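# Fold and geometry: a report
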Amino acid sequence: MYLLGLDIGSSRVKASIIDANSGYSLETAFSPKIDMQINSEQSGWAEQDPEIWWQNVLRACREAIMEAGIEAHDIKAIGISYQMHGLVLIDKKQELICRSIIWCDSRATGIGEEAYSDLGEAYCLDRYLNSPGNFTASKLKWIQEHHQVTYDQIHKILLPGDYIAMRFTGEVNTTVGGLSEAILWDFKENALAHSLLEHYGIDADLIPDVVPAFGVSGGVKAEVAEELGLKPGTPIAYRAGDQPNNAFALQVTEAGQMAATGGTSGVIYGVTDKYIADPQARLNTFAHVNHQHTDPRLGVLLCLNGAGILNSWLKNNVSDGKLFPDDIARIANEIPIGSKGLIVFPFGNGAERMLGNRNIDAQIHGLNFNIHKRSHLFRAGHEGIAFALNYGLELMSEMGIKQNSIRAAKANMFLSPVLRETLATVSGATIELYNTDGSQGAARAAGIGAGLFQSTSEAFESLVKAEKVQPDEKNKQAYMDAYLRWKDCLVKQLTL
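Residues numbered from 1 in each chain as written. Predicted model: local features only at pLDDT ≥ 70, side-chain atom pairs only at ≥ 80, totals over all residues. Heavy atoms only, no water.

### Section: a nonpolar patch on the surface
The condition is simple: Within this analysis, patches are made of residues with over 30% relative accessible area and no salt bridge. Like charges are joined at 9 Å or less; nonpolar side chains (Val, Leu, Ile, Met, Phe, Trp, Tyr) at 5 Å or less. A 1.4 Å probe and the Shrake-Rupley method give the accessible areas. Residues count as covered only by the protein chains that appear here. Definition used for salt bridges: Asp or Glu carboxyl oxygen within 4 Å of a side-chain nitrogen of Lys or Arg. Here a helix means four or more residues in a row that DSSP labels H or I, a strand means two or more in a row labelled E, and each is numbered from the N terminus.
Taken together, the side chains of Ile-364, Leu-367 and Phe-369 define a hydrophobic patch exposed on the protein surface, amounting to about 370 Å² of accessible area. If you trace the backbone, Phe-369 turns up in the loop between β20 (363–365) and α13 (374–398).

### Digging into the side chain of Thr-253
Formally: When a residue's accessible area, from a 1.4 Å probe over protein chains only, is under 20% of the maximum for its type it is buried; when over 50% it is exposed; and in between it is partly exposed. Two residues qualify as a contact provided that any one of their heavy atoms is within 4.5 Å of a heavy atom in the partner residue.
Locating Thr-253 in the fold gives a position in the loop between α10 (242–249) and β15 (258–262). Classification of Thr-253 by relative accessible area gives buried; the value is 9%. Among residues more than four places away in sequence, those in contact with Thr-253 are Phe-248, Val-271, His-288, Asn-290, Arg-297 and Thr-456.

### Here's the deal with the sheet that holds strand β22 (residues 430–434)
The strands making up a sheet associate through hydrogen bonds between their backbones, and the pairing can be parallel or antiparallel. This is how it is decided: Whether two strands pair comes down to DSSP finding at least two bridges between them. Orientation is described by axes fitted as lines to C-alpha atoms, over the contacting stretch for helices, and by angles from 0 to 180 degrees between their N-to-C directions.
Across the sheet, which stays open at both edges, the 7 strands sit in the order β17-β18-β16-β15-β21-β22-β23 with mixed pairing between neighbours. In this open sheet, the two edge strands, each paired with only one partner strand, are β17 (284–287) and β23 (465–469). Geometrically, the sheet is characterised by an average inter-axis angle of 25 degrees between neighbouring strands, direction not taken into account. Across 2 bridges, β15 lies against strand β21 (residues 405–409) in parallel orientation. Note that in β21 the partner of Ala-260 across the bridge is Ala-408. This element, α10, spans β15, β16 (266–272) and β18 (298–304) of the sheet and lies at about 70 degrees to β16.

### Remarks on the pairing of β15
Where burial is concerned, most of β15 is hidden: 5 out of the 5 residues are buried. One ladder, built from 5 bridges, connects β15 with β16; its direction is antiparallel. Bridge pairing in β16 links Gly-262 to Gly-266.

### A word on the packing of α13 against helix α14 (residues 417–427)
Axis angle and axis distance: for two packed helices, these are the angle between their axes and the distance between the axes, and together they describe the pair. Our working definition: It is the rotation of the near helix from the far one that decides the hand of a crossing: anticlockwise by less than a right angle makes it left-handed, clockwise makes it right-handed. We call Asp, Glu, Lys and Arg charged. Ala, Val, Leu, Ile, Met, Phe, Trp, Tyr, Cys and Pro are nonpolar, and the rest, Gly among them, are polar.
Packing of α13 against α14 brings their axes to within 8 Å, and their N-to-C directions diverge by 35 degrees. As for how α13 packs across α14, the hand of that crossing is right-handed. Where α13 abuts α14, its residues Arg-379, His-382, Glu-383, Ile-385, Ala-386, Phe-387, Leu-389, Asn-390 and Leu-393 lie against Val-418, Leu-419, Thr-422, Leu-423, Val-426 and Ser-427. Here the residues of the contact of α13 with α14 sort into 9 nonpolar, 4 polar and 2 charged.

### Thoughts on the packing of aromatic side chains
Convention followed: Ring pairs shown here join Phe, Tyr and Trp side chains whose ring centres sit within 6.5 Å, with only the six-membered ring taken for Trp; geometry is labelled stacked below 30 degrees between planes, edge-to-face above 60, and tilted in between.
Across all of its chains, the model carries 15 aromatic pairs by this definition. For the ring pair Tyr-238 and Phe-248, a centre distance of 6.0 Å and an interplane angle of 35 degrees mean the geometry is tilted. With a gap of 10 residues between them, Tyr-238 in strand β14 (residues 235–241) and Phe-248 in helix α10 connect regions that are remote in the sequence. On the basis of relative accessibility, which here comes to 1%, the residue Phe-248 falls in the buried class. With a centroid separation of 6.3 Å and 50 degrees between ring planes, the pair formed by Phe-347 and Trp-486 is classed as tilted. Here Trp-486 lies in helix α17 (residues 476–494) and Phe-347 lies in the loop between β19 (343–345) and β20, a separation of 139 residues in the sequence.

### Things to note about the environment of Glu-51
Formally: Side-chain atoms alone can form a polar contact between residues adjacent in sequence; in general such a contact is a pair of N or O atoms within 3.5 Å, and within protein one must be able to donate a hydrogen while the other accepts it.
Looking at where Glu-51 falls in the secondary structure, it is placed in helix α1 (residues 50–68). C-alpha of Glu-51 to C-alpha of Thr-175: the two residues are 124 residues apart in sequence and 21 Å apart in space. Not counting the four nearest positions on each side in its chain, Glu-51 is found in contact with Leu-96, Tyr-163 and Arg-167. At 2.7 Å, the side chain of Glu-51 and the side chain of Arg-167 are in polar contact.

### A short note on the environment of Asp-320
Topologically, Asp-320 is positioned in the loop between α11 (307–318) and α12 (325–333). We classify Asp-320 as exposed; its relative accessible area is 55%.

### Digging into α1
How we decide: Helix span, expected: 1.5 Å multiplied by one less than the number of residues in the helix.
Its 19 residues place the ends of α1 27 Å apart at the C-alpha level, agreeing with the 27 Å of an ideal helix rising 1.5 Å per residue. The complete set of buried residues in α1 reads Pro-50, Trp-53, Trp-54, Asn-56, Val-57, Leu-58, Ala-60, Cys-61, Ala-64, Ile-65 and Ala-68. Its side-chain oxygen at 2.9 Å from the backbone nitrogen of Glu-51, Asp-49 defines the N-terminal cap of α1. Downstream of α1 by one or two residues, Gly-69 has phi in the positive range, about 70 degrees.

### Regarding the sheet that holds strand β1 (residues 2–8)
Taken in spatial order, the 6 strands of this open sheet run β3-β2-β1-β5-β14-β13, and their pairing is mixed. This sheet does not close on itself; its edge strands, each paired only once, are β3 (25–31) and β13 (214–219). Going across the sheet, the axis of each strand differs from the next one's by a mean of 25 degrees, ignoring polarity. One ladder, built from 7 bridges, connects β1 with strand β5 (residues 75–82); its direction is parallel. Looking at the pairing, Asp-7 lines up with Ser-81 of β5. The sheet strands contacting α10 are β1, β5, β13 and β14, and the helix crosses β14 at an angle near 105 degrees.

What follows is the structure, encoded as structure tokens:
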């Protein structure tokens, strides 16, 4: 018997097949082969068509099933991971009303900041563990203010993963984790955030029913089952936002554990059992996949919007698209620590929460035409990502979240020796790398949700650590000098 896991990103969709008996991954496929388009009609806007997500789900599933050489009928459960904070609007026929406003869209920042002030900062942090900020609820308010005709057509609002689950099953529902990511969950009341809905003038009936993250939320309907070769009624048994799920994929489920990812965005995600919030709302606290009101598990999330996008920019513009990411990583590793004074800020993808929703754009400082070549820019870019993540770790430390080790998948930006060695040394944390990804995590989670695994430990028996990166004590001073130069430069920019 097999498990199917899906990871619905803003760049592509991944599908993984896990053998439920051995726990091993048989195949991972992705679609499209070139990153999905993000529509940006105005500065700070970011939209995608959810129908394109669905078509790529179908393609990725077909390829994974075919390449794994299995019978689709033997898939016993499906898990879904998805890009967080997106807004999907459907009508009573479950048809899309418009494109989705996705996670990196910053048009509703002002709306969220005004609500934060009006409701009271202490109130929001106590109830929602966040500012309403630029999250899903504020994006819905933007629709109401600017497109009343669109708003009037809404039957339900969905997170991206809710939409994919609906396309599989025909059932419309969501999760506590999804609502917390949308800033639509009141942790104190353990209920829908009625106070924010009332403040925004949004009808609570637009919010779907809540189902558990682990557990059957619906069965695959006949027409989809026929299209993919699945057995009708195959359960959707898990659903979570990509960052909580990425942490779960690394078996980060308990207080004191920490995960990192370096995909389109760069993320540090620390688990706590306390209802805590960053007083300045630079970090965000969400319900983790195994959160229970009486036994809390919260994920404190640092998000760097421009991590992987900076690497793609280096590839496509500095190398004219002729170098692969591993070539860039190799060339960057040939340059001395500190890039001979060259500094790069990886903040070129909209407003950054970790900077208090400031948008200072990507910046290059200290460029000397007589010294620096593109190889220095490659290293400074990777160092800049590591330095920005460490800056966020310092913010986490102020909240009392500290860790001596960080788990990450051996993929994407964590394939860069410069990034991982720089982060390990300036943070003082050991980085443990695993051969896994979000789609594999979603598949294992589906096995738990469907009752095929009796515990998280059983689901992860086959997960093996691939590599351990220790802080470079010999060169620590050089790394710290470079970080402090970077940080001093950032502080100056933030005071302008």
